[in-house]
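Listed below, chain by chain, are the residues.
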2 protein chains.
Amino acid sequence: MQHFILDSKLENDTYAIGTLSLCELRLMDDARFPWLILVPARVNMSEIIDLPEAEQTLLMREISCASTALKTLFAPDKLNIAALGNQVKQLHIHVIARFISDEAWPNPVWGAGQGMGQRASYPPHMAGSLIDRIAKELMPAGLKAA
Amino acid sequence: MQHFILDSKLENDTYAIGTLSLCELRLMDDARFPWLILVPARVNMSEIIDLPEAEQTLLMREISCASTALKTLFAPDKLNIAALGNQVKQLHIHVIARFISDEAWPNPVWGAGQGMGQRASYPPHMAGSLIDRIAKELMPAGLKAA
């Protein structure tokens, strides 16, 4: 039996926040946007439709929980939710708090090299406190902190 | 009681394919990519989390049906699924068949003006036959053709 292994690019670009029923919850290391990544802990999945229907439903619930946490913590102007995977095949979902004042607005956050600036890493002490706040917000939804 | 009215930009940029339980299904008028838009026929919704949980589940099912139809008809290299709404507030979900050979790969399709080309409308006779094929594919999922 194969075990789930997080894609190495996702691992390098994100911090662990914790584990939900289906997904690993990660924080994108980009201080420009509050940006969560949900990675279903399943082997060899690249599309939402690769998941059985019950897990698609669970994925929607976890997307919803992550969205609500970002809305509560950051009061964004808009949430952006996406499963793209053109660069990293392992199924992962972006949940991003967007602001009219952010540097990419109204464009999507992806596409550095298309006129967008570069990813700006968090100072490590900032990432830690942010991860704690997000984890605390999601504990009622069953998050087990990393 | 307010009735659902499709956003005028969505209406202008897309063709009607039909109606699912929750969503209006539309074809983006962009011949560069097989690109569906799902619009939940609900008033004053801009985020997935604005929908009640049962309708979030239904939305996931309809995203899944639209994804499977594109996969069957076009055999894409990747599906891109996104709820953005930075430009059009009315809740709508993009379901796009992507190909390694398409003009935006591996970037997202959004962001014309960031180095991307412009939307290329279908010749009307092409749109009609494509809409028919997509509608036929989704009839077992309950689509009522427009």
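In case you missed it, the structure is sitting above this.
Residues numbered from 1 in each chain as written. Chains lettered and ligands numbered in written order. Predicted model: local features only at pLDDT ≥ 70, side-chain atom pairs only at ≥ 80, totals over all residues. Heavy atoms only, no water.

### What to know about the interface of chain A and chain B
The test is simple: Note on contacts: a residue pair qualifies if any of its non-hydrogen atoms lie within 4.5 Å across the two residues. The quantity reported as buried area is the accessible area (1.4 Å probe) lost by two parts once they are put together, taken as the sum for both. Within this document, salt bridges are pairs made up of a side-chain nitrogen of Lys or Arg and a carboxyl oxygen of Asp or Glu, the two lying within 4 Å of each other. Polar contact criterion, stated in full: a pair of N or O atoms within 3.5 Å, where within protein one must be able to donate a hydrogen and the other to accept it, and residues adjacent in sequence count only if both atoms are side-chain atoms.
Facing 36 residues of chain A, the contacting portion of chain B comprises 36 residues. Contact between chain A and chain B buries roughly 3,300 Å² in total, counting both sides, with carbon and sulfur atoms accounting for 52%. In this structure, the connection of chain A to chain B is made through four salt bridges. In this structure, the salt-bridge partner of Lys-78 of chain B is Glu-47 of chain A, at a minimum N-O distance of 2.9 Å. Counting across the chain A and chain B interface gives 20 residue pairs in polar contact (both at pLDDT 80 or more).

### Regarding the relation of the copies chain A and chain B
Operational definition: Superposition of the copies used a least-squares fit over C-alpha atoms from residues whose pLDDT is at least 70 in both.
For the pair chain A and chain B, the best superposition has an RMSD of 0.0 Å and corresponds to a rotation of 180° with a translation of 0.0 Å parallel to the axis. On this basis, the relationship between the two copies can be described by a two-fold rotation axis. Of the C-alpha atoms belonging to chain A, the one lying closest to the rotation axis is found on Ala-82 of chain A, 2.0 Å away. Most of the interface of chain A is mirrored in chain B: 100% of its interface residues are interface residues there too.

### Regarding the side chain of Arg-32 of chain B
All names here are of chain B. Threshold: Labels follow the DSSP assignment, with helices taken as runs of H or I lasting at least four residues and strands as runs of E lasting at least two, numbered in each case from the N terminus. Burial classes: relative accessible area under 20% of the type maximum marks a residue as buried, over 50% as exposed, and values in between as partly exposed (1.4 Å probe, protein chains only).
Its location among the elements puts Arg-32 in the loop between β2 (23-28) and β3 (35-40). A relative accessible area of 19% means that Arg-32 is categorised as buried. Side chain to side chain, Arg-32 and Asp-30 meet in a polar contact 2.7 Å long. Within the structure, the side chain of Arg-32 is placed 3.4 Å from the backbone oxygen of Gln-118, a separation counted as a polar contact.

### Points about the pattern of salt bridges
Two side chains with opposite charge may pair up if their charged atoms get near one another. All names here are of chain A. This model, assessed by the stated rule, comprises 16 salt bridges over all chains. Linking Arg-32 and Asp-30 is a salt bridge whose minimum nitrogen-to-oxygen distance equals 2.7 Å. Given the relative accessible area of 1%, Asp-30 is considered buried. Note that Asp-102 is salt-bridged to Arg-98, the shortest N-O span being 2.7 Å. The burial state of Asp-102 is the same as that of Arg-98; both residues are buried.

### Considerations on unusual backbone geometry
Residue and element names in this part refer to chain A. With an omega of 0°, the peptide bond between Trp-105 and Pro-106 qualifies as cis. As for its placement among the helices and strands, Pro-106 is situated in the loop between β5 (93-98) and α3 (124-138). The backbone of Asn-44 sits at a positive phi, close to 60°, despite the residue not being glycine. Even without being glycine, Ala-75 reaches a positive phi, approximately 45°.

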